[in-house]
Amino acid sequence: MTTNSGPTPFSTPRLDALPLRVAHADEMAAVLCDPALHTFTGGAPQDAQGLRSRYARQTAGSPDPAERWWNWVLSVRGDGRLAGYVQATVDVTGARAEIAWVIGSGWQGRGYAKEAAVGLVAHLLDGGAVRTVVAHIHPDHGASEAVAASAGLVRTGEWEDGEVRWRLDAR
């Protein structure tokens, strides 16, 4: 479960999702250094200093009082190394969470993205605080579409900024 003050840790069979800290920047800079990770989202890899600045902003919370930023790094339980991250932007009513996931290139192909997304969705829906989960996915990013489907999200006919909206409404 997450709280008003921030995200709480959660686990999947092979991953521990730990609340983001500025101290994660050095290791995450290496995890996220591949420019190919930005093929569908734009931008470029940030160095450790850039990530420290970004993580400081993210951990301080959203400047919009109507939303909360919850961010986790993903630690591989077998070796304790970070492999990527998941995040959720949650409206303060808890009605809706927009999620995203990124797995570093060196850890792709092992099912970590699927496992992390499934775990994140379950974590957000646990207890009924969040009722709708949304992800925006580039229409050419088949791997992310497969991850979203595995997490129970369904492709909608809606578009936002060139991406397709995927959605799951809690029962």
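Residues numbered from 1 in each chain as written. Predicted model: local features only at pLDDT ≥ 70, side-chain atom pairs only at ≥ 80, totals over all residues. Heavy atoms only, no water.

Draft legend 1. Structural detail: the overall build of the protein chain. Within the protein chain one finds four helices and eight strands. Radius of gyration (C-alpha) of the protein chain: 15 Å, near the 16 Å computed for a compact globule of 171 residues. In terms of overall dimensions, the protein chain has a C-alpha envelope of 40 × 35 × 30 Å along the principal axes. In the protein chain, which comprises 171 residues, the share counted as buried stands at 42%. Across the protein chain, contacts joining residues at least 24 apart in sequence account for 61% of those joining residues at least 6 apart. Within the protein chain, the 19 negative side-chain charges are centred at a point lying 4 Å from the centre of the 16 positive side-chain charges. (Helix = DSSP H or I, 4+ residues; strand = E, 2+ residues; numbered from the N terminus. Rg over C-alpha atoms; globule rule 2.2 N^0.38 Å. Buried < 20%, exposed > 50% of the residue type's maximum accessible area, 1.4 Å probe, protein only. Contact = heavy atoms within 4.5 Å. Lys, Arg positive; Asp, Glu negative; His and termini not counted. Charge placed at Lys NZ, Arg CZ, Asp CG, Glu CD.)

Draft legend 2. Spatial organisation of empty space enclosed by the protein. Applying the stated criterion across every chain yields a total of one cavity of 30 Å³ or more. In this structure, the largest cavity encloses a volume near 50 Å³. Around the largest cavity, the lining residues are Leu20, Arg54, Tyr55, Gln58, Asn71, Trp72, Tyr85 and Gln87. Put simply, the parts of the chain that give the lining of the largest cavity at least two residues each are helix H2 (48-60), strand S3 (67-76) and strand S4 (82-91). A per-element tally of the lining of the largest cavity places H2 first, with three residues. In terms of residue class, the lining of the largest cavity is made up of four nonpolar, three polar and one charged. (1 Å grid on protein atoms, 1.4 Å probe; cavity = no way out; pocket = protein on both sides within 12 Å on 5 of 7 lines; lining within 4 Å. Points joined across faces, edges and corners; volume = space filled by probe spheres on them. Nonpolar A, V, L, I, M, F, W, Y, C, P; charged D, E, K, R; others polar.)

Draft legend 3. Summary view of the nonpolar core. Among the nonpolar cores identified, the biggest contains 48 residues, and Met28, Leu32, Trp72, Ile99, Trp101, Leu124 and Leu153 are the most heavily contacted of them. A total of seven residues in this core trace back to one element, the largest contributor, which is helix H3 (residues 112-125). Beyond its immediate stretch of four places on either side in the chain, Leu153 contacts Val121, Val133, Val134, Ala135, Ala148, Trp166, Arg167 and Leu168. (Core = buried A, V, L, I, M, F, W, Y, C linked by side-chain atoms within 4.5 Å.)

Draft legend 4. Up close: the packing of aromatic side chains. Overall, the coordinates contain one aromatic pair when judged by the stated rule. Between the aromatic rings of Phe10 and Trp72, the centroid separation amounts to 5.4 Å while the plane-to-plane angle is 75 degrees, which identifies the pairing as edge-to-face. Separated by 62 residues along the polypeptide, Phe10 in strand S1 (residues 10-11) and Trp72 in strand S3 bring together distant segments of the chain. The class for Trp72 is buried, based on a relative accessible area of 1%. (Phe/Tyr/Trp six-rings, centres within 6.5 Å; stacked < 30°, edge-to-face > 60°.)

Draft legend 5. Looking closely at the pattern of salt bridges. Under the criterion given, the structure shown has eight salt bridges. Across the salt bridge formed by Arg165 and Glu160, the nearest N and O atoms sit 2.5 Å from each other. What makes Glu160 partly exposed here is its relative accessible area of 30%. What emerges from the salt-bridge pattern is a single network uniting Glu158, Glu160 and Arg165. (Salt bridge = Lys/Arg side-chain N within 4 Å of Asp/Glu carboxyl O.)

Draft legend 6. The arrangement of the layout of surface pockets in detail. Counted as a void, the largest pocket has a volume near 1,100 Å³. For the largest pocket, the lining is made up of 43 residues, of which Thr41, Tyr85, Ala100, Trp101 and Val102 are closest to its centre. When residues of the lining of the largest pocket are traced back to their parent elements, those giving at least two are H2, S4, strand S5 (96-103), H3, strand S6 (132-137) and helix H4 (142-150). When its residues are assigned to classes, the lining of the largest pocket shows 22 nonpolar, 15 polar and six charged.

Draft legend 7. The arrangement of H4 in detail. Looking at H4, one finds that the buried residues are Ser144, Glu145, Val147 and Ala148. For H4, the arc enclosing every buried residue in end-on projection is 160 degrees, short of the 170-degree limit, so these residues lie on one face. Where H4 is buried, its residues touch S5, H3, S6, strand S7 (154-160) and strand S8 (163-169). (Arc of directions from axis to C-beta.)

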